[in-house]
Amino acid sequence: MISRTMQDALNLQINMEQYSAQLYLAMGAHCDALGFKGFAHWLRIQAGEETAHALKLMDFLLDRRGKVELGKIAAPPQSFGGVIQVFEQTLLHEEGITHKINSLFALSRTELDYASEIALQWYVTEQVEEEANVGQIVDQLRAIGDQGGGIWYLDSRMGKRTARTA
Ligand code: OFO
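It should be emphasised that the depicted structure is a prediction, and the values quoted were computed from it without experimental measurement.

Colleague: Before we move on, can you summarise the overall build of the chain with the specific residues and values?
Modeller: Tallying secondary structure elements over the chain gives five helices and zero strands in all. Seen in sequence order, the chain has helices and strands lined up from the N terminus as α-α-α-α-α. Since a compact globule built from 166 residues should have a radius of gyration of about 15 Å, the 17 Å found for the chain is in line with a globular shape. Its C-alpha atoms put the chain at 55 × 25 × 25 Å along the principal axes. Residues classed as buried in the chain amount to 45% of the 166 residues present. Restricting to contacts in the chain with at least 6 residues of sequence separation, those with at least 24 account for 81%. When the accessible area of the chain is evaluated, it comes to approximately 8,800 Å², of which 57% is carbon and sulfur surface. For the chain, the separation between the mean place of its 15 positive charges and that of its 21 negative charges on side chains is 4 Å.

This is the structure we're talking about:
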């Protein structure tokens, strides 16, 4: 059975993953309103991945006979600026999530909770990928700027993102 300390920390992370989904849905709607259907599509798929991250943690807690305690999900901002700002904010958000995952990982070690440590390894690896993907988009957006044909080309490429199956 999982400790109360670890359970509380994992429940907070579930809430954070759900907030990430909310944030990316809001950002996607914002991009859509700006006419960027491809960026909107990419962000909507990202929101789905965040929900999957929350569910994976919930299943882990349940397997450990822990209690899932879902809390209120904070409202995301209503405005994000241009597309470059949207992805700069996405990168900042993911860096914050990485920090939270690292803290959880450290907690699992102080709690001598090896099962949580192993489960959290997946999230540590995932955050490397999240930051790399979003960082690349930010670099590309900064290089092409938010005017002209380049951003529409990138928008059409972003629209080709498919949901991960596992
Ligand atoms: Fe769940 O990785 Fe992004 O936030």
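Picking up where we left off.
Colleague: Please give an account of the side chain of T98 that cites residues and values.
Modeller: Mapped onto the secondary structure, T98 falls in helix α3 (residues 83-110). Given the relative accessible area of 16%, T98 is considered buried. A polar contact is formed between the side chain of T98 and the side chain of E131, at a distance of 2.6 Å.

Colleague: Describe in detail the layout of surface pockets, supporting the description with residues and values.
Modeller: Approximately 180 Å³ is the volume found for the second largest pocket. Forming the walls of the second largest pocket are W42, N133, Q136, I137, Q140, L154, R157, M158 and R161. Sorting the residues of the lining of the second largest pocket by element identifies α4 (114-144) and α5 (149-158) as the ones contributing at least two each. No other element matches α4, which puts four residues into the lining of the second largest pocket. Grouping the constituent residues of the lining of the second largest pocket by class yields four nonpolar, three polar and two charged.

Colleague: With reference to specific residues and values, describe the packing of helix α2 (residues 37-63) against α4.
Modeller: Direction vectors running N to C along α2 and α4 enclose 170°, while the axes themselves pass 12 Å from each other. By the criterion of interaxial angle, the relationship of α2 to α4 is roughly antiparallel. Residues F39, W42, Q46, E49, E50, H53, K56, L57 and F60 of α2 form the contact with α4, whose own contacting residues are A115, S116, A119, W122, Y123, E126, E130, V134, I137 and L141. A breakdown of the residues in the contact of α2 with α4 according to their chemical character gives 11 nonpolar, three polar and five charged.

Colleague: Could you give an account of the packing of aromatic side chains, with specific residues and numbers?
Modeller: Applying the stated criterion across every chain, the model contains five aromatic pairs. The interplanar angle of 80° and the centroid separation of 5.7 Å between the aromatic rings of F36 and F39 together place this pair among those described as edge-to-face. Here the aromatic rings of F39 and F87 are separated by 5.6 Å at their centres, their planes lie at 55°, and the arrangement is tilted. Of this pair, F39 sits in helix α2 while F87 sits in helix α3; the two residues are 48 residues apart in sequence, bridging distant segments of the chain. For the pair F39 and F87, one class covers both residues: buried. Lying across the ring of W122, K56 places its NZ or CZ 4.5 Å from the centre. The ring centre of W42 lies 4.3 Å from the NZ or CZ of R161, which sits over that ring.

Colleague: Give a description of the environment of R64 that names residues and reports values.
Modeller: Following the sequence through the fold, R64 ends up in the loop between α2 and α3. Taking C-alpha positions, R64 is 5.8 Å from I2, a pair spaced 62 residues apart along the chain. The contacts of R64, once residues within four sequence positions are left out, are M1, I2, D113, A115 and S116. A distance of 3.1 Å separates the side chain of R64 from the side chain of D113, its partner in a polar contact. At 3.2 Å, the side chain of R64 and the side chain of S116 are in polar contact.

Reading guide: rules and limits
- Residues numbered from 1 in each chain as written.
- Predicted model: local features only at pLDDT ≥ 70, side-chain atom pairs only at ≥ 80, totals over all residues.
- Heavy atoms only, no water.
- Helix = DSSP H or I, 4+ residues; strand = E, 2+ residues; numbered from the N terminus.
- Rg over C-alpha atoms; globule rule 2.2 N^0.38 Å.
- Buried < 20%, exposed > 50% of the residue type's maximum accessible area, 1.4 Å probe, protein only.
- Contact = heavy atoms within 4.5 Å.
- Areas by Shrake-Rupley, 256 points an atom, 1.4 Å probe, with all protein chains shown as cover.
- Lys, Arg positive; Asp, Glu negative; His and termini not counted.
- Charge placed at Lys NZ, Arg CZ, Asp CG, Glu CD.
- Polar contact = N/O pair within 3.5 Å; in protein donor to acceptor, adjacent residues only side chain to side chain.
- 1 Å grid on protein atoms, 1.4 Å probe; cavity = no way out; pocket = protein on both sides within 12 Å on 5 of 7 lines; lining within 4 Å.
- Points joined across faces, edges and corners; volume = space filled by probe spheres on them.
- Nonpolar A, V, L, I, M, F, W, Y, C, P; charged D, E, K, R; others polar.
- Axes fitted to C-alpha atoms, helices over the stretch in contact; angles between N-to-C directions.
- Parallel < 35°, antiparallel > 145°, perpendicular 65-115°, else oblique.
- Phe/Tyr/Trp six-rings, centres within 6.5 Å; stacked < 30°, edge-to-face > 60°.
- Lys NZ or Arg CZ within 6 Å of the ring centre and 35° of its normal.

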